[in-house]
Amino acid sequence: MLLHTPSSPCLSFKIIKAQSKPDNALLLSAFKSLVHNQRIDRSISVLRGSSIPSSVTRNAASTQAGASVMSTETVEADVLKALSQIIDPDFGTDIVSCGFVKDLQIDEALGEVSFRLELTTPACPVKDMFEQSANEVVAALPWVKDVKVTMSAQPAKPIYAGELPPGLQRISNIVAVSSCKGGVGKSTVAVNLAYTLAGMGARVGIFDADVYGPSLPTMVSPENRLLEMNPETRAIIPTEYLGVKLVSFGFAGQGRAIMRGPMVSGVINQLLTTSEWGELDYLVIDMPPGTGDIQLTLCQVVPLSAAVIVTTPQKLAFIDVAKGVRMFSKLKVPCVAVVENMCHFDADGKRYYPFGRGSGSQVVQQFGIPHLFDLPIRPTLSASGDSGIPEAVADPQGEVAKTFQDLGVCVVQQCAKIRQQVSTAVTYDRTIRAIRVKVPDSDEEFLLHPATVRRNDRSAQSVDEWTGEQKLQYADIPEDIQPEEIKPMGNYAVTITWPDGFNQIAPYDQLQMMERLVDVPQLTPAQAV
């Protein structure tokens, strides 16, 4: 029997009304209260966790004379079978197979069961419901008298931490919010998305990448409006507002910059990579307009997990947005959602579309982006940005906040899918001594011989960059070579470490062009070692 979550949302918040001069301490207390009391019930996936099997332990069982004794395997199997009824609807896999169940302890004599459900992010929108379901299915076992379930999340860490600058190595997901056109509400979407994710329980930071006209200092109201530097590490210490870490050139005491492109790229790089972000589940980057050097620098300095595209109904906005989508496509950054801002307003019982319709839908249809969200024309949305209190915080039960809740759920869900796809895209199967490849967004899985992959290296060590002459010869690579380690490198390639110490970068596109293995014999365990 599959357990499904209700499809209708049930939000329970306290309303915080925006004031012209808010008390930050009172606002912080109220916001934490609404975050604590927030519950979201909707039919989306619990996020896929580690695939490593959970460690199962038990206390020694004592039984009375004449009582039937259940074997350890039986009681453990009973509990895991019960928990396997809870299905991740996105991946079609139960939470036991996903590796969510940790630290299972069983006392048969007392009928006590305790375990931990470890999710990939504290922002899982259905964590409360999964906790309740786990309690119910285990308590339904006839010999169980008491169930204790604890919830946790994996430490924040990117799947390719070794490729990142030190300041970014404890950030799980980096999400770009981009429009490639100014004035469409990109910063509004970025800030409200960040505070929505924080309200869902995630650790969040915002990086304002617009040096020429930073918006973040206007949209939030931190007590400390200047960035500080750690005197020992020389790292930048982000400022904070309502628990979200903030870095912007506007907080550097410089206001708006007047400088040439290469200088701006250097400033962006320094602000982003030398800040002490700490452990974050999501870092939201408010991208500057355009598709030039600054945008390319950002995409190359950090491996972006995903991008959210912001547009307006006008055709001119679509033209610029299309350039940005193509840029992300070339850089292998998945665009997971489109937000069409200033779509409509309601008056006299009717809905009006003053700027026309269809720009957002056109982006979705033309580029295959899976999700579209509409934002209305609301004076409060603009006013909240100017007052320094994001709309998602000022009116968490309003229509606009609900749209951002849906967007936040989408981002959490899609980032989890992307992490799972990237982490399992290229693996080595020792039982058949072959490299398994399943490129993200592709249903095809194929096998490659390790020697074939090694011989097809296109780096300067294997091919002369000037003449194109092949320096690595076929006979240089032994037929029985096996990779020592395969690690993801961004969303477009893997790094393969070979026994001779060589680190090969293998893009997905290149792997798809190599000669494939067919009819691979299965090795015995002894042969696979």
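Bear in mind that the values here come from a model prediction, so they are computed numbers and not experimental data.

(A) Geometry of the nonpolar core. If you look at the biggest cluster of nonpolar residues, it comprises 109 residues, and the most contacted ones within it are Tyr195, Phe207, Leu283, Ile285, Phe328 and Leu407. The greatest single-element share of this core, amounting to 10 residues, is contributed by helix 12 (residues 399-423). Of all hydrophobic cores here, the second largest spans 26 residues; its members include Ile95, Phe115, Phe130 and Val138.

(B) Spotlight on the packing of aromatic side chains. For the coordinates displayed, the defined rule picks out two aromatic pairs. On the numbers, 5.4 Å between centres and 20° between planes, the contact of phenylalanine 345 with tyrosine 352 is stacked. A relative accessible area of 32% places phenylalanine 345 in the partly exposed class. Here the guanidinium or amino end of arginine 516 rests over the ring plane of phenylalanine 446, the centre of that ring lying 3.8 Å away.

(C) Summary view of the sheet that holds strand 6 (residues 171-178). Taken together, eight strands build an open sheet; the order of strands is 10-11-7-12-6-13-14-17 and the sheet is mixed. If you trace the sheet from one side to the other, it starts and ends with strand 10 (239-241) and strand 17 (372-374), each paired once. Taking each pair of neighbouring strands and ignoring which way they run, the sheet shows an average axis angle of 25°. As judged from the five bridges shared by strand 13 (residues 306-311) and strand 14 (residues 335-340), these two strands associate in the parallel manner. When the sheet's bridge partners are listed, threonine 311 is paired in strand 14 with glutamate 340. Each of strand 6, strand 13 and strand 14 touches helix 8 (residues 315-330); the most contacted strand, strand 13, lies at about 170° to it. Taken strand by strand, helix 9 (residues 359-367) contacts strand 13, strand 14 and strand 17, and its axis lies near 165° from that of strand 14.

(D) The pattern of salt bridges, seen in detail. Tallying each qualifying case throughout the model produces 15 salt bridges. Arginine 516 is paired through a salt bridge with glutamate 444; the nearest N and O atoms lie 2.4 Å apart. In this pair, arginine 516 sits in the loop between helix 14 (508-512) and helix 15 (525-528) while glutamate 444 sits in the loop between strand 19 (434-437) and strand 20 (446-448), placing the two residues 72 residues apart along the sequence. In this structure arginine 516 comes out as partly exposed when scored by relative accessible area, which is 32%. One salt bridge connects arginine 454 with aspartate 500, and the closest N-O pair in it is separated by 3.4 Å.

(E) Looking closely at the side chain of glutamate 118. Checked against the element boundaries, glutamate 118 lands in strand 4 (residues 112-119). According to the relative accessible area criterion, glutamate 118 is buried, its value standing at 14%. Leaving out residues up to four positions away in the same chain, glutamate 118 has contacts with Phe100, Lys102, Ser152, Ala153 and Gln154.

(F) Layout of unusual backbone geometry. Its identity as a non-glycine residue notwithstanding, aspartate 103 has a phi of 55°, on the positive side. For aspartate 103, the position within the fold is in strand 3 (residues 101-107). Look at aspartate 103 and you get partly exposed, because its relative accessible area is 37%. Notably, arginine 234 is not glycine yet its phi reads approximately 60°, a positive angle. Structurally, the position occupied by arginine 234 is in the loop between strand 8 (228-229) and strand 9 (236-237). In this structure arginine 234 comes out as exposed when scored by relative accessible area, which is 56%.

(G) Quick peek at the sheet that holds strand 23 (residues 503-507). On the basis of which strands lie adjacent, the open sheet formed by three strands has the order 21-22-23 and antiparallel pairing. If you trace the sheet from one side to the other, it starts and ends with strand 21 (485-489) and strand 23, each paired once. Here the average twist between neighbouring strands, direction ignored, is 25°. For strand 22 (residues 493-497) and strand 23, the ladder comprises five bridges, and the chain directions are antiparallel. Note on strand 23: the bridge partner recorded for threonine 497 is asparagine 503.

(H) Region of interest: the packing of helix 8 against helix 9. Running from amino to carboxyl end, helix 8 crosses helix 9 at an angle of 30°, the nearest separation of the two axes being 10 Å. Between helix 8 and helix 9, the angle is such that the two are roughly parallel. Viewed along their axes, helix 8 and helix 9 form a crossing whose handedness is right-handed. Residues Phe318, Val321, Ala322, Val325 and Arg326 of helix 8 touch helix 9, and the partners they reach there are Ser359, Gln362, Val363, Gln366 and Phe367. The residue inventory of the contact of helix 8 with helix 9, partitioned by class, reads six nonpolar, three polar and one charged.

Reading the values: the criteria
Residues numbered from 1 in each chain as written. Predicted model: local features only at pLDDT ≥ 70, side-chain atom pairs only at ≥ 80, totals over all residues. Heavy atoms only, no water. Core = buried A, V, L, I, M, F, W, Y, C linked by side-chain atoms within 4.5 Å. Buried < 20%, exposed > 50% of the residue type's maximum accessible area, 1.4 Å probe, protein only. Helix = DSSP H or I, 4+ residues; strand = E, 2+ residues; numbered from the N terminus. Phe/Tyr/Trp six-rings, centres within 6.5 Å; stacked < 30°, edge-to-face > 60°. Lys NZ or Arg CZ within 6 Å of the ring centre and 35° of its normal. Pairing = 2+ DSSP bridges. Axes fitted to C-alpha atoms, helices over the stretch in contact; angles between N-to-C directions. Contact = heavy atoms within 4.5 Å. Salt bridge = Lys/Arg side-chain N within 4 Å of Asp/Glu carboxyl O. Parallel < 35°, antiparallel > 145°, perpendicular 65-115°, else oblique. Left-handed = near helix turned anticlockwise from the far one by under 90°. Nonpolar A, V, L, I, M, F, W, Y, C, P; charged D, E, K, R; others polar.

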